[in-house]
Amino acid sequence: MKVLSVVGARPQFVKLAPVSRALRAAGADHVVVHTGQHYDARMSDVFFDDLAIPAPDVHLGVGSGSHGFQTGRMLVELDPVLEQHNPDWVLVYGDTNTTIAAALAAVKLHLPVAHLEAGLRSWNRQMPEEHNRVLTDHASDLLLAPTALGMANLVREGLADRSVEVGDVMADICLRVRDLVAGTRPAAVRAQVGDGDYVLATLHRPANTDDQGRLRGVIGALQAFEVPVLLAAHPRLVSRAQGAGIELEGGAVRTLPPLAYPDMVAALVGAAAVVTDSGGLQKEAFLLGTPCTTLRTETEWPETLQGGWNVLLPGEPSELGDLALRRPPAERIGHPYGEGHASEAVVQALTSR
Ligand code: UD1
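Cut-offs and rules
- Positions within a chain are numbered from 1, following the residues in the order the chain's sequence is written.
- Where totals are concerned, whole chains, interfaces and linings use all residues; where local detail is concerned, this predicted model gives features only for residues with pLDDT of at least 70, and gives and counts side-chain atom pairs only at 80 or more.
- Side-chain numbers come from the whole structure's heavy atoms, not from hydrogens or water.
- For two strands to be treated as a pair, DSSP must find no fewer than two bridges joining them.
- Strands are runs of DSSP state E lasting at least 2 residues, helices are runs of H or I lasting at least 4, and numbering of each runs from the N terminus.
- Note on definitions: a residue-residue contact is assigned when non-hydrogen atoms from the two residues lie within 4.5 Å.
- The angle between two axes is taken between their N-to-C directions and runs from 0 to 180 degrees, where each axis is a line fitted to C-alpha atoms and a helix contributes only its stretch in contact.
- When accessible area is computed with a 1.4 Å probe and restricted to protein chains, residues below 20% of their type maximum are described as buried, those above 50% as exposed, and intermediate ones as partly exposed.
- What makes a patch is a set of residues exposed beyond 30% relative accessible area and free of salt bridges, joined within 9 Å when like-charged and within 5 Å when nonpolar (Val, Leu, Ile, Met, Phe, Trp, Tyr).
- In these tables, accessible area is a Shrake-Rupley quantity obtained with a 1.4 Å probe, and a residue counts as shielded only by the protein chains included in the view.
- Within this document, salt bridges are pairs made up of a side-chain nitrogen of Lys or Arg and a carboxyl oxygen of Asp or Glu, the two lying within 4 Å of each other.
- We treat Lys and Arg as the positive residues and Asp and Glu as the negative residues; His and chain ends play no part in the count.
- Charge positions are represented by NZ for Lys, CZ for Arg, CG for Asp and CD for Glu.
- For every residue, the predictor states its confidence as a pLDDT score lying anywhere from 0 to 100.
- Distances are taken per atom, and a residue is near a molecule or strand as soon as one of its heavy atoms is within 4 Å of it.
- Polar contacts, as used here, are pairs of N or O atoms within 3.5 Å; protein pairs need one atom able to donate a hydrogen and one able to accept it. Residues neighboring in sequence count only if both atoms are side-chain atoms.
- Under the scheme applied here, ten amino acids are nonpolar (Ala, Val, Leu, Ile, Met, Phe, Trp, Tyr, Cys and Pro), four are charged (Asp, Glu, Lys and Arg), and all others, including Gly, are polar.
- Should an angle fall under 35 degrees it is called roughly parallel, over 145 degrees roughly antiparallel, and 65 to 115 degrees roughly perpendicular, with every other angle called oblique.
- Two helices cross in a left-handed way if the nearer one is turned anticlockwise from the farther one by less than a right angle. They cross in a right-handed way if the turn is clockwise.
- What is meant by a nonpolar core is a set of buried Ala, Val, Leu, Ile, Met, Phe, Trp, Tyr and Cys residues, joined one to another through side-chain atoms within 4.5 Å.

## Details of the sheet that holds strand β6 (residues 142-145)
In any sheet, the strands associate via hydrogen bonds between backbone groups, in a parallel or an antiparallel arrangement.
Thinking step 1. Reading across the sheet, the 7 strands line up as β3-β2-β1-β4-β5-β6-β7 and stay open at both edges, with parallel pairing between neighbours. The open sheet terminates on both sides in strands that have one partner only, identified here as β3 (58-59) and β7 (163-165).
Thinking step 2. With respect to the sheet, helix α4 (residues 97-108) is in contact with β1 (2-7), β4 (89-93) and β5 (113-116), its orientation differing from that of β4 by roughly 160°.
Thinking step 3. Of the strands in this sheet, β6 and β7 touch helix α6 (residues 148-156), which is tilted by about 165° from β7.

## Concerning unusual backbone geometry
Thinking step 1. In the Ramachandran plot, Ala52 falls in the positive-phi region, its phi being about 55° despite a non-glycine side chain.
Thinking step 2. For Ala52, a relative accessible area of 55% corresponds to the exposed category.
Thinking step 3. Positioned with a positive phi, His110 is a non-glycine residue whose angle comes to about 60°.
Thinking step 4. Among the structural elements, His110 can be located in the loop between α4 and β5.

## Looking at a negative patch on the surface
Thinking step 1. Judged by side-chain charge, Asp45, Asp49, Asp50 and Asp263 come together as a negatively charged surface patch.
Thinking step 2. Considering every element that reaches the negative patch, the biggest residue donor is helix α2 (residues 45-50), with 3 residues.
Thinking step 3. Here Asp50 lies in helix α2.

## Here's the deal with the pattern of salt bridges
Thinking step 1. Overall, the coordinates contain 14 salt bridges when judged by the stated rule.
Thinking step 2. Between Arg178 and Asp179 there is a salt bridge, and its shortest N-O distance comes to 3.1 Å.
Thinking step 3. Classification of Asp179 by relative accessible area gives exposed; the value is 52%.
Thinking step 4. What you see here is one network of salt bridges that share partners, running through Asp95, Glu130, Arg133, Arg296, Glu298 and Glu300.

## Points about the confidence of the model for the protein chain
Thinking step 1. For the protein chain, per-residue confidence averages 96 on the pLDDT scale, and 100% of positions sit at 70 or higher.
Thinking step 2. Confidence, read as mean pLDDT per element, is least for helix α14 (residues 320-324) in the protein chain (91) and greatest for β4 (99).

## Overview of the site of the ligand
Thinking step 1. Among the 20 residues in the neighbourhood of the ligand, the closest are listed as Gln37, His38, Tyr39, Asn97 and Glu129.
Thinking step 2. Between an oxygen atom of the ligand and a side-chain N or O atom of Gln37, the distance comes to 2.9 Å.
Thinking step 3. Measuring from an oxygen atom of the ligand, one finds a backbone N or O atom of Asn97 at 2.8 Å.
Thinking step 4. Considering the ligand on its own, with 740 Å² of exposed area, one finds that the protein chains cover 87% of that surface.
Thinking step 5. At the level of elements, α1 (10-25), α3 (67-85), α5 (128-139) and α11 (235-244) are the ones that each hand at least two residues to the shell around the ligand.
Thinking step 6. Residues of the shell around the ligand, tallied by class, amount to 5 nonpolar, 9 polar and 6 charged.

## A short note on the packing of α4 against α5
Thinking step 1. Interhelical geometry of α4 versus α5 gives an angle of 25° and a closest axis separation of 9 Å. With respect to α5, the axis of α4 lies roughly parallel. The two elements α4 and α5 cross, and the hand of that crossing is left-handed. Contact residues: Asn97, Thr99, Ile100, Ala103 and Val107 in α4; Asn132, Leu135, Thr136 and Ala139 in α5.
Thinking step 2. The residue inventory of the contact of α4 with α5, partitioned by class, reads 5 nonpolar, 4 polar and no charged.

## Notes on the nonpolar core
Thinking step 1. If you look at the biggest cluster of nonpolar residues, it comprises 61 residues, and the most contacted ones within it are Leu91, Leu144 and Tyr261.
Thinking step 2. Not counting residues up to four positions away in its chain, the partners in contact with Tyr261 are Val14, Phe47, Leu51, Met170, Ile173, Cys174, Val177 and Glu284.
Thinking step 3. By size, the runner-up hydrophobic cluster in this structure holds 26 residues, among which are Ala241, Leu248, Leu295 and Ala324.

## Points about the sheet that holds strand β8 (residues 199-201)
Thinking step 1. If you walk across this open sheet you meet the 6 strands as β10-β9-β8-β11-β12-β13, and the pairing is parallel. Looking along the sheet, the strands with just one partner apiece sit at the ends: β10 (253-256) and β13 (310-312). Ignoring strand direction, the axes of neighbouring strands in this sheet form an average angle of 20°.
Thinking step 2. One ladder, built from 3 bridges, connects strand β11 (residues 273-276) with strand β12 (residues 292-294); its direction is parallel. Opposite Thr276, over in β12, you have Thr294 as the bridge partner.

In structure tokens form, the structure reads like this:
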């Protein structure tokens, strides 16, 4: 079996790691194409190095741009690569512009497409990721749902015969790396707070970064915390804050560069609480047992809301300080994201079809 994975953005490298490992173990021929959507070393290369992913076979070097420009360039560049490799499956991951571009390029060449992390919905049509998810699901031949809820969404949309629930590959990698970094504290965290308490924060969604009033409010609320807030700053946040004349550092907030994956997992384990607008981080916080506050109106991962482990804060960020440091009232129950074996189920689903 020959599988061609197309990845390009940070969360996709994380998902690729366990899938690449499982494909290797099954003796499959695996070609990795990197679109270049993320290109800073801290947003890309470190994930390949730290997670022992073989270097991409093809790098398209597409880079940043408007959604149409970026997606269109990927389409142009992908055509000859897909034709040359002619795989049994084109495997696409998650909900980024890389995902939709690869799915579209493949269906137009009549190559079978499998969508990993299918069926998630935010029901928010303002999010670029929501367009990417829905369109990719309906274009794909095999839909690999990470959760029962994702599977139910696909059934409701008439996609049952193409769908299979496999579990969440992010749980595979998160739980494995948790065990590897147990008992450690990243140097970047130690340099800021020593062995002390801290809140970990990230912010990169356009809804938070591109609205100056909202960004100012959120940064102000973080700066007013009583415990240090370590803000791992995505390049979009840094550039939008600079453009708006907003100082990220100040009060409780100290910035960190984007963290490598093992450092992120260790930083999450050690944090008193997490404040984020990232989908992946909400789920990792849940898996690792750190209370999370999500600065969004909705989540694609509603399983994290159980027991109060994740709370959505769409409104006034002035409430953030009290909310973030709550203790969840109930324990987490069950394993909504699986127990760390989803990548084997993905390989099984690809092989058996
Ligand atoms: C993308 C995904 C988002 C995902 C996020 C993870 C889409 C529509 N969005 O958002 O779903 O949660 O990745 O990080 O695909 N930049 C750099 N260096 C880089 C990459 C980006 O400086 O290596 C800057 C550029 O100014 C760029 C901006 O960040 O314009 C945004 O990057 P882009 O890839 O368009 O989207 P993300 O916000 O990263």
